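# Inside the fold
One-letter residues, chain by chain:
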Amino acid sequence: MDDRIAEPWGPRTPYGPGPAIERFAASLPGWLRDLLPGEPGRRSAWPVRVDMFLQDGIAESDVEEWVQAASILHSNGDAMDIAVSGGRIVGVRGRAGDRVNHGRLDPKDLYGWQADSSPDRLTRPLVREDGKLVETDWDTAMGRIVARSKELLAEPGGWGRFGFYTSGQLFLEEYYTLGVIGKAGIGTPHMDGNTRLCTATAAAALKASFGTDGQPGSYTDVDHCDAIALWGHNVAETQVVLWERMLDRRRGPRPPAMIAVDPRQTPVAREADVHLAVRPGTNLALMNALIHRLIERGWYDERYVRRHTLGFEELRRTVAECTPQWAARICDVPVRLIEQAAEILGSCDRLLSTVLQGFYQSNQATAAACQVNNIHLLRGMLGRPGAGLYQMNGQPTAQNTRETGADGDLPGMRNWDNPEHVRQLAELWNVDASVIPHWAPPTHALQIFRHAEQGSIKLLWISATNPAVSLPDLARIRRILGKEDLFTVVQDIFLTETARLADVVLPAATWGEKQGTFTSVDRTVHLSDRAVDPPGEARSDLDIFLDYARRMGFRDRAGAPLVKWHDPESAFEAWKACSAGRPCDYTGITYDLLRGGSGVQWPCTRSAPRGTERLYAGGRFNTDPDYCETYGHDLATGAEYDARHYRALEPRGRAFLQAAPYEPSPEVPSEDYPMTLTTGRTVYHFHTRTKTGRTPQLNDAAPEPWVEISPGDAHTLGVTEGDLLHVESPRGRLEARARVCGTRPGVVFVPFHYGYWDLDAPGPGEGAGRAANELTITSWDPVSKQPIYKVAAVRVGKAAPSGGTPSAAPTTGAAAPADPNVPATTGGSAAAVSSRISDHLSSRLPDRPGET
Ligand SMILES: Nc1nc2c(c(=O)[nH]1)N[C@H]1C(S)=C(S)[C@@H](COP(=O)(O)OP(=O)(O)OC[C@H]3O[C@@H](n4cnc5c(=O)[nH]c(N)nc54)[C@H](O)[C@@H]3O)O[C@H]1N2
Ligand SMILES: Nc1nc2c(c(=O)[nH]1)N[C@H]1C(S)=C(S)[C@@H](COP(=O)(O)OP(=O)(O)OC[C@H]3O[C@@H](n4cnc5c(=O)[nH]c(N)nc54)[C@H](O)[C@@H]3O)O[C@H]1N2
Ligand SMILES: [Mo]
């Protein structure tokens, strides 16, 4: 038994590169590959380790049923079974036979399910009466939403009064249904997901370089690579199982080299051979210097570049002056380290890159993320084992928000500016093409809030997201959500900071209580089954959306109901038809196939019935003008190009090498605000903590926020470990205790997980808050429109005399204290997890629901 609070990564199972059969398989045409024994991604040599956590007092023999599911607390797609006894969830276990995790689970997944049975789950709808939220029945709550909707639709241009702000945490079937309601029922362009805050840049960078969204790589690339570069990604704390796979390679024979780019001493940075602790906001300067070096030294595949890419000359010109010396000054890192990183990137045979929030939520996000694509294109490192690229997702189902168009895009990775793509949807849904919003790009999340602020959006429906904690500049967000003339619907499982500001609150069923599918970073689709009943009158999000469609009476051209499905599986079948012929083709997937022991990677079709391990083998990309998802942008300004401009480029299946010069962040330190604030995550908490804050093991590991500060800055300010600090930006102020640790000088880090101090206080945020977003700025990347959460200017000082007690920050991750006397974070016997290790996937542990 291990304490997975004290040891979040569990026991090591080292392994070497291989097996050769995977490399061989990848060189074969699809039909021949399918004749090989074993399934794609399951021929890996990564040992199996089945992690299991059962509630205190429950033994494995007490479990009546194991119900198949996958992780809902990050994007890795770890497959698991839910243990059910007496109609309740009593534990979880990793699925041994799944290609993604080979049985492993992260601490949030092991313990986090306990929150679902919290006594304060929402069990009945609420409506606002005389300023107060009171319980009511579904008819009343839905009746109010429908009445307001019909009133708005009766006005000319009424569709423009609706805004939908959804999530990266619902299921594919739910998003698709919401997307059809928004696009073909109401016809509003104002729909987005919190995926805008999360991985809009992944989508934007993939579209800009390769023509459409879709991760090129496979998790098995970890098995084969000889170098791993982590670009602004603290994978150890945020995709724990993916990190375990990387660590197991690092501890085995012929380990891969490792590069980390992060201003903090994360566990990843501590493990890496080269750690570039760049100044926040300077990623593009570093990237341009690395590319300068690759080109200058001839460390690129000339043939691949000539045959498979466009834009080399412009890229070369853009980086011509970007020497390592130049970047070293801007990023404030040693020249030697930039040169070392370039040498690893330029000399490895199989490079695996992952990119996440350190790039996506920082300055020049899309431009910087595209430079990672460029490195892979320059070196021909795509479409073969080990040469992998993950423009990561963050949330468990973010990929599906994007695929189904719940983020505003057209479903099936269709191009809003391509009339033929719009026509395909009109035909599928049997509606007039003019109903489907396609005259301008979709409205992004921060713009939706702007419209609500100005009063043009009058109904805002928020599902499975907590913007009153997660959006930037919270004082402003609270003002908007509290506006009299804005009718707000919040669909959640708890009475969150956001729900408290709503006019109608709808109680949702969650993971384990409902059925649906979702897709991980490497395109692996999993099915998550219903294990138990939802509490009280809570309903699945799908049922809520279907009920709304029914009550609104949305019709197609023939007068039949617009939404023609009635449950998860029929919704999935409808989605399959929408995905046909597009990059994310699901037509070969059925719920039954997903019950076969492992998830399946899209595209999965008649000609690739077991899914597709890697995209872009052979160097053919989705850039054909009739097929691509965008006609492109100017990376520096975000200006949109049109079809004529795009066609003139004659991409013919080649990828774009995108180039842009470095520019400083919109907010940099000043005399008044001399330090840089950056924000992010810890391994124990998920977002605004609605689940992990209600889980004893996880809450105790990190019960309150903290401020990470470097030893040098602490000394200058007279601060010691545990002192109460205030951090102020031009927008707000918070107080939290200091953790003196390995962040770079001049930078403080605050986790963004913690909401208001006191939910019942009359004016949340009055006085000293504790949410990182009291401080952050309203500014976004010009192409992806993703907010810049990673750079703001602040001043820091002591809020109380030194007390001599350490902060409650965890000691295991990036916040590992400089002071060796700070007690270690542990979970004790309440956190005991069993881990069974076996050599290989072939020595299969039970992995089908029902088997024990
Ligand atoms: N434990 C846990 N896991 C999660 C989540 C969670 O809440 N908790 N959330 C999930 C979701 S939705 C997401 S999006 C992912 C996010 O996963 P990550 O991107 O790994 O997480 P973050 O902590 O937001 O940011 C990563 C790192 O960016 C660094 N950084 C800050 N500014 C810069 C910069 O300018 N340049 C560079 N190069 N680095 C910078 C920070 O120091 C931080 O260590 O995690 C997913 N997994
Ligand atoms: N400063 C700063 N801010 C950030 C970030 C950062 O790094 N720094 N990261 C950003 C990123 S990457 C993300 S993804 C966002 C996350 O921000 P949010 O999306 O606001 O965070 P969550 O707490 O995950 O909110 C999800 C909500 O859905 C509810 N929920 C859970 N399951 C269900 C369900 O099945 N149905 C329904 N209807 N509701 C459900 C939960 O109770 C919770 O209230 O935050 C962003 N904000
Ligand atoms: Mo995210």
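Residues numbered from 1 in each chain as written. Chains lettered and ligands numbered in written order. Predicted model: local features only at pLDDT ≥ 70, side-chain atom pairs only at ≥ 80, totals over all residues. Heavy atoms only, no water.

## Quick word on the site of ligand 1
Surveying the vicinity of ligand 1 reveals 35 residues, the closest of which are T238, D262, Q357, R681 and H685. With respect to ligand 1, the side chain of S362 contributes an N or O atom lying 2.8 Å from an oxygen atom. Note that a nitrogen atom of ligand 1 is positioned 3.2 Å from one of the side-chain N or O atoms of T678. Computed on the free molecule, ligand 1 has an accessible area of 920 Å², of which 100% lies beneath the protein chains in the complex. Its atoms largely coinciding with the cavity grid, ligand 1 occupies the second largest cavity. For the shell around ligand 1, the secondary structure elements donating two or more residues are α9 (235–238), α17 (357–360) and β23 (675–680). When residues of the shell around ligand 1 are assigned to their parent elements, the largest contribution, 3 residues, is made by α17. Across the shell around ligand 1, the residue classes break down as 9 nonpolar, 20 polar and 6 charged. (Near = heavy atom within 4 Å. Polar contact = N/O pair within 3.5 Å; in protein donor to acceptor, adjacent residues only side chain to side chain. Areas by Shrake-Rupley, 256 points an atom, 1.4 Å probe, with all protein chains shown as cover. 1 Å grid on protein atoms, 1.4 Å probe; cavity = no way out; pocket = protein on both sides within 12 Å on 5 of 7 lines; lining within 4 Å. Sits in = over half its atoms within 2 Å of the grid points. Helix = DSSP H or I, 4+ residues; strand = E, 2+ residues; numbered from the N terminus. Nonpolar A, V, L, I, M, F, W, Y, C, P; charged D, E, K, R; others polar.)

## Structural notes on the sheet that holds strand β10 (residues 227–231)
By way of backbone hydrogen bonds, the strands of a sheet pair with one another, either parallel or antiparallel. An order of β12-β11-β10-β14-β15 is seen for the 5 strands of this open sheet, with the pairing classed as parallel. Of all the strands in the sheet, the pair left with one neighbour each is β12 (274–276) and β15 (388–391). Strand-to-strand, the axes of this sheet are offset by a mean angle of 10°, without reference to chain direction. Across 5 bridges, β10 lies against strand β11 (residues 257–261) in parallel orientation. Within β11, the residue paired with A229 across the bridge is I259. Across the face of the sheet, helix α18 (residues 365–378) comes into contact with β10, β14 (351–355) and β15 while running at roughly 170° to β15. (Pairing = 2+ DSSP bridges. Axes fitted to C-alpha atoms, helices over the stretch in contact; angles between N-to-C directions. Contact = heavy atoms within 4.5 Å.)

## Digging into the packing of helix α12 (residues 283–296) against helix α16 (residues 335–347)
Running from N to C, α12 and α16 cross one another at 55°; their axes reach a closest spacing of 9 Å. It follows that α12 is oblique to α16 by the angle criterion. Two packed elements cross with a definite hand, and for α12 against α16 that hand is right-handed. Only I338, E339, A341, A342, L345 and G346 of α16 make contact with α12, whose side of the interface consists of L286, A289, L290, R293 and L294. Its residues assigned to classes, the contact of α12 with α16 comprises 8 nonpolar, 1 polar and 2 charged. (Parallel < 35°, antiparallel > 145°, perpendicular 65-115°, else oblique. Left-handed = near helix turned anticlockwise from the far one by under 90°.)

## Some words on the layout of surface pockets
In this approach the atoms are scanned with a rolling probe the size of a water molecule, which exposes any empty space left behind. Considering only enclosed or pocket space, the largest pocket measures out at about 920 Å³ in volume. Lining the largest pocket are 42 residues, with A208, T630, G632, H633 and V783 positioned closest to its centre. Those elements that place two or more of their residues in the lining of the largest pocket are α6 (195–198), α7 (200–210) and α27 (643–648). For the lining of the largest pocket, the element with the highest residue contribution is α7, accounting for 5 residues. Looking at the lining of the largest pocket residue by residue, the classes come out as 20 nonpolar, 10 polar and 12 charged. (Points joined across faces, edges and corners; volume = space filled by probe spheres on them.)

## Digging into the domain arrangement of the protein chain
As far as domains go, the protein chain holds domain 1 (2–119 + 833–844), domain 2 (126–199 + 397–582), domain 3 (202–392 + 622–656) and domain 4 (675–819). For domain 1 versus domain 2, the separation of C-alpha centres amounts to 32 Å. Taken together, the contacts link 24 residues of domain 1 with 20 residues of domain 2. Interface area for domain 1 against domain 2, summed over the two sides, is near 1,600 Å², with a carbon-plus-sulfur share of 65%. On the surface where domain 1 and domain 2 come into contact, there are 1 salt bridge. (Domains from an automatic or database assignment. Buried area = accessible area lost by both parts, 1.4 Å probe. Salt bridge = Lys/Arg side-chain N within 4 Å of Asp/Glu carboxyl O.)

## Things to note about the site of ligand 2
Taken together, 33 residues sit near ligand 2, with Q169, N194, S470, D492 and T688 positioned nearest. In this structure, Q491 approaches ligand 2 through a main-chain N or O atom, which is 3.0 Å from a nitrogen atom. The contact in question runs from an oxygen atom of ligand 2 to an N or O atom on the side chain of D492, over 2.6 Å. Burial of ligand 2 by the protein amounts to 99% of the accessible area it has alone, namely 910 Å². Comparing atom positions with the cavity grids shows ligand 2 to sit within the largest cavity. Of all the elements in the fold, those that place two or more residues in the shell around ligand 2 are α6, β17 (487–492) and β23. Residue classes in the shell around ligand 2 are distributed as 11 nonpolar, 17 polar and 5 charged. Taken domain by domain, the shell around ligand 2 gets at least three of its residues from each of domain 2 (126–199 + 397–582) and domain 4 (675–819).

## As for the pairing of strand β20 (residues 524–528)
The two faces of the sheet receive side chains in turn, since in a regular strand these alternate between them. Burial runs high along β20: 5 of the 5 residues are buried. Side chains of β20 alternate between two faces, with T524, H526 and S528 and V525 and L527 buried alike. Counting the residues between successive antiparallel strands, the hairpin from strand β19 (residues 516–519) to β20 contains 4 residues, one of them, R523, with a positive phi of roughly 70°. Of the strand pairs in this sheet, β20 and strand β21 (residues 600–601) are connected by 2 bridges, and their pairing is antiparallel. (Buried < 20%, exposed > 50% of the residue type's maximum accessible area, 1.4 Å probe, protein only.)

## Side note on the sheet that holds strand β5 (residues 88–94)
What the 6 strands build is an open sheet, ordered β1-β29-β2-β5-β4-β3; its pairing is antiparallel. Edge positions in the open sheet fall to β1 (2–3) and β3 (65–70), since each of these has one partner strand only. Sheet topology places strand β4 (residues 79–85) next to β5; 6 bridges connect them, and they run antiparallel. Note on β5: the bridge partner recorded for D81 is R93.

## Quick notes on the state of the cysteines
Under the defined criterion, the tally for this structure stands at 0 disulfides. Of the cysteine sulfurs around C331, a residue in no disulfide, the closest is that of C322, at 10 Å. For C331, a relative accessible area of 0% corresponds to the buried category. Summary of cysteine pairing: C370 is not part of a disulfide, and the nearest cysteine sulfur, belonging to C628, is at 14 Å. (Disulfide = S-S within 2.5 Å.)

## Things to note about the environment of W9
Tracing the backbone through its elements, the reader meets W9 in the loop between β1 and α1 (20–26). Since its relative accessible area comes to 14%, W9 is described here as buried. W9 sits 235 residues away from E244 along the chain, and the two C-alpha atoms are 6.2 Å apart.

## Digging into the packing of aromatic side chains
Taken as a whole and assessed by the stated rule, the structure comprises 24 aromatic pairs. The interplanar angle of 50° and the centroid separation of 5.3 Å between the aromatic rings of F572 and Y591 together place this pair among those described as tilted. A residue pair is termed long-range when its members are at least 10 positions apart, and F572 in helix α25 (residues 568–579) and Y591 in helix α26 (residues 591–594) qualify at 19 residues. For the pair F572 and Y591, a shared accessibility class is recorded, and that class is buried. Here R523 stacks its cationic end above the ring of W602, 5.7 Å away from the centre of that ring. (Phe/Tyr/Trp six-rings, centres within 6.5 Å; stacked < 30°, edge-to-face > 60°. Lys NZ or Arg CZ within 6 Å of the ring centre and 35° of its normal.)

## Quick look at the UniProt feature "domain: 4Fe-4S Mo/W bis-MGD-type" (unreviewed entry) in the protein chain
If you check UniProt for "domain: 4Fe-4S Mo/W bis-MGD-type" (unreviewed entry), the listed places come out as residues 64–120 in our numbering. Taken as a whole, residues 64–120 contains 11% helix and 35% strand, while its terminal C-alpha atoms sit 27 Å from one another. (UniProt positions renumbered as here; feature names shortened; annotations may be inferred.)

## With respect to unusual backbone geometry
Cis geometry is found at the peptide bond from W602 to P603, where omega equals -5°. Structurally, P603 can be placed in the loop between β21 and α27. Even without being a glycine, D130 presents a positive backbone phi close to 50°. Here D130 lies in the loop between β6 (126–129) and β7 (132–135). Of note in this structure, R689 is not a glycine but carries a positive phi near 65°. Position of R689 among the secondary structure elements: in the loop between β23 and α28 (696–701).

## Examining the confidence of the model for the protein chain
In this model, the protein chain carries a mean pLDDT of 94, and residues with pLDDT of at least 70 account for 94%. Considering only residues more than four positions removed or in separate chains, one finds that residues 762–766, a stretch of pLDDT under 50, has 4 contacts. Scored below 50 in pLDDT, residues 841–852 makes 32 contacts in the model with residues more than four places away or belonging to other chains. (pLDDT = per-residue confidence, 0-100.)

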